[in-house]
Each structure stands twice: as C-alpha cells, then as structure tokens.
Amino acid sequence: MIIAVDGPAASGKGTLTRRLAEHFGLARLDTGLLYRAVGFRIIEEGDDPEETAIAVAAAERLQASDLNNPALRGEAAASAASVVAAIPEVRATLRAFQQNFAANPPGGAPGAVLDGRDIGTVICPGADIKLFLTASPEVRAERRVKELQAKGLEAIYTRILRDLQDRDARDASRAVSPLEPAKDALVIDTSEKDADTVFETALAHITSQNN
Ligand code: CDP
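Not measured: the values here are computed from a predicted model.

### Describing the sheet that holds strand 1 (residues 2-6)
Moving on, step 1. A sheet is described by the order of its strands in space; here five strands give the open sequence 2-3-1-4-5, paired in parallel fashion. Taken across any chain shown, the strands that pair with only one partner, and hence form the sheet edges, are strand 2 (27-30) and strand 5 (186-189). Across the sheet, the axes of successive neighbouring strands diverge by a mean angle of 20°, strand direction being ignored.
Moving on, step 2. Set on the sheet, helix 1 (residues 13-24) makes contact with strand 1, strand 2, strand 3 (112-116) and strand 4 (129-134); between it and strand 1 the angle comes to about 170°.

### With respect to the nonpolar core
Moving on, step 1. Counting 20 residues, the largest nonpolar core has Y35, V38, I42, A55, V84, V90 and L94 as its most contacted members.
Moving on, step 2. Put simply, the parts of the chain that give this core at least two residues each are helix 2 (32-44), helix 3 (52-61), helix 4 (75-84) and helix 5 (88-103).
Moving on, step 3. Counting residues per element, this core draws most heavily on helix 2, at seven residues.
Moving on, step 4. In this view, I42 contacts D47, D48, P49, I54, A55, A58 and V84; residues no more than four positions away in its chain are not counted.
Moving on, step 5. One finds A21, I129, I188 and F199 within the second-largest nonpolar core, a separate group that totals 16 residues.

### Topic: unusual backbone geometry
Moving on, step 1. In this structure, A10 takes a positive phi of about 60° despite not being glycine.
Moving on, step 2. In this fold, A10 is placed in the loop between strand 1 and helix 1.

### So, the site of the ligand
Moving on, step 1. The local shell around the ligand holds 18 residues, among which R36, R91, R144, R167 and D171 are the closest.
Moving on, step 2. Within the contact set of the ligand, a nitrogen atom lies 3.3 Å away from a side-chain nitrogen or oxygen of D118.
Moving on, step 3. With respect to the ligand, the side chain of D171 contributes an N or O atom lying 2.5 Å from an oxygen atom.
Moving on, step 4. Alone, the ligand offers 530 Å² of accessible surface; in the complex the protein occludes 95% of this.
Moving on, step 5. Elements with a contribution of two residues or more to the shell around the ligand: helix 2, helix 4 and helix 8 (157-173).
Moving on, step 6. Here the shell around the ligand gets three residues from one element, more than from any other, and that element is helix 2.
Moving on, step 7. For the shell around the ligand, the class distribution of residues is five nonpolar, four polar and nine charged.

### A short note on the pairing of strand 4
Moving on, step 1. Where burial is concerned, most of strand 4 is hidden: five out of the six residues are buried.
Moving on, step 2. By the bridge criterion, four bridges tie strand 1 to strand 4 in an arrangement that is parallel. Its bridge partner lying in strand 4, A4 is registered against K130.
Moving on, step 3. Pairing between strand 4 and strand 5: four bridges, direction parallel. From the neighbouring strand, L133 faces strand 5, where its bridge partner is I188.

Calculation criteria
Residues numbered from 1 in each chain as written. Predicted model: local features only at pLDDT ≥ 70, side-chain atom pairs only at ≥ 80, totals over all residues. Heavy atoms only, no water. Pairing = 2+ DSSP bridges. Helix = DSSP H or I, 4+ residues; strand = E, 2+ residues; numbered from the N terminus. Axes fitted to C-alpha atoms, helices over the stretch in contact; angles between N-to-C directions. Contact = heavy atoms within 4.5 Å. Core = buried A, V, L, I, M, F, W, Y, C linked by side-chain atoms within 4.5 Å. Buried < 20%, exposed > 50% of the residue type's maximum accessible area, 1.4 Å probe, protein only. Near = heavy atom within 4 Å. Polar contact = N/O pair within 3.5 Å; in protein donor to acceptor, adjacent residues only side chain to side chain. Areas by Shrake-Rupley, 256 points an atom, 1.4 Å probe, with all protein chains shown as cover. Nonpolar A, V, L, I, M, F, W, Y, C, P; charged D, E, K, R; others polar.

See below:
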C-alpha cells in the first residue's frame with residue numbers, strides 16, 4: 001500500500017503520516033527533509049541556493065545519513081529548501097530516491113507513506129490513497145511556533161507567518177511540480193480539527209477506498 005500525503009507547510013502532514021505509518025506498519029518518508037538537507041548544506045557552505053549548478057551538485061551528494069541532522073528542522077533550512085525545490089534538475093535528482101523508497105520500502109514494510117508537495121501528482125501518481133491537507137496560514141504559523149519552541153529552537157510568530165506565506169507562494173507558483181492537490185486526492189482542512197480527528201478522517205477514507 002502506498003499512501004501519498006501532500007499539503008503546505010505545517011498543515012499536519014508529519015503528525016498524520018507518523019500515525020498512519022504506525023497503524024499500518026508502513027515505512028515513512030518525510031520528503032521535505034531531502035530538500036531541507038540540500039538547501040541547508042548550501043547555506044552552511046556560504047553558497048547561494050538559487051545557483052542551479054551548486055544546488056544540483058548538493059542534491060547529487062545527498063546521503064540518507066544527512067537527513068538526521070536536527071538543524072534541518074529550523075526555518076533557515078526550510079527557506080533554502082523552497083528555493084532549491086523550484087529548480088527542475090534538483091527535483092529530478094531527488095525523484096529517484098523517493099520513488100525507490102516507495103517501490104522498495106525499507107525494513108520489509110508492506111508499503112510506504114510519503115509526505116511532501118508532489119507525491120500524489122508526480123512521485124507516486126499511482127498511489128493507492130492520496131490525501132491533501134490544508135489549514136489557514138494563521139493556524140499553521142501557530143502550530144509551527146509551538147513545534148519549534150518544543151524543540152528549543154527560536155520562533156517568533158510574525159516572522160514564522162511571513163516565512164510560511166513566502167514559502168507557500170514560491171511552492172504554489174513554481175513551474176515544476178507546483179503545490180496542488182492531485183485530482184483524486186481527498187482534501188482535508190485541518191484548521192479546526194485536532195490530530196485525532198484528522199487521523200479518523202483519513203482512516204475512514206482509506207477504509208472506504210479499500211472496500
Ligand atoms: O515541514 P514543512 O511542511 O514546513 O516543510 P517541508 O515539508 O519540510 O518542506 C520544505 C520545503 O521543501 C517546502 O517549502 C517545499 O518548497 C520543498 N518541498 C518540495 O518542493 N517537495 C516536496 N516533496 C517536499 C518539500
């Protein structure tokens with residue numbers, strides 16, 4: 001079983017995919033981490049993430065072990081990620097890793113759940129289940145502030161809100177793989193739903209699709 005979960009920043013993809021992975025025994029891939037790792041390496045080396053050749057070289061050097069760096073969770077990595085994510089050659093380089101994960105889930109898992117921006121549209125267009133999460137920018141910014149503070153990272157609401165909106169605009173307007181729901185995705189607005197309700201909504205949909 002392949003489950004694709006897409007949506008804008010802090011819409012609840014991580015929480016939902018962790019629960020789905022646990023419930024169904026699926027391998028989980030947070031594909032945002034790939035873009036964050038590429039963007040983070042570039043800014044750490046003092047280079048410009050808008051430079052195609054530099055970004056592609058960083059994507060080609062990416063290793064699975066790079067994804068464990070806690071600094072990838074910060075907003076600097078997120079902003080750099082959304083810049084490199086608009087470069088078609090970077091997306092093409094990272095596509096194989098994601099598709100291979102879905103086709104051969106690690107640990108002998110019977111399937112995979114992937115979250116990102118283009119899983120249901122580009123990476124796994126044949127996924128069994130496609131979900132697209134949304135929420136208002138204000139709710140998402142509040143969630144991200146709490147998440148970052150819980151990790152001991154700096155978080156100022158107005159700055160986070162502006163960063164999310166900048167990132168959403170970049171993600172939705174890029175020419176390749178823009179952020180948009182697949183035609184056959186169930187769209188769930190999580191603005192006024194807690195994590196349990198979102199999980200129940202997803203489970204009910206999965207059950208109805210599998211019957
Ligand atoms: O955790 P959050 O939702 O804030 O972001 P993320 O999923 O870690 O993604 C960071 C950035 O990477 C996004 O703003 C996108 O620009 C990019 N991304 C993408 O283009 N495609 C993906 N499949 C995943 C992330």
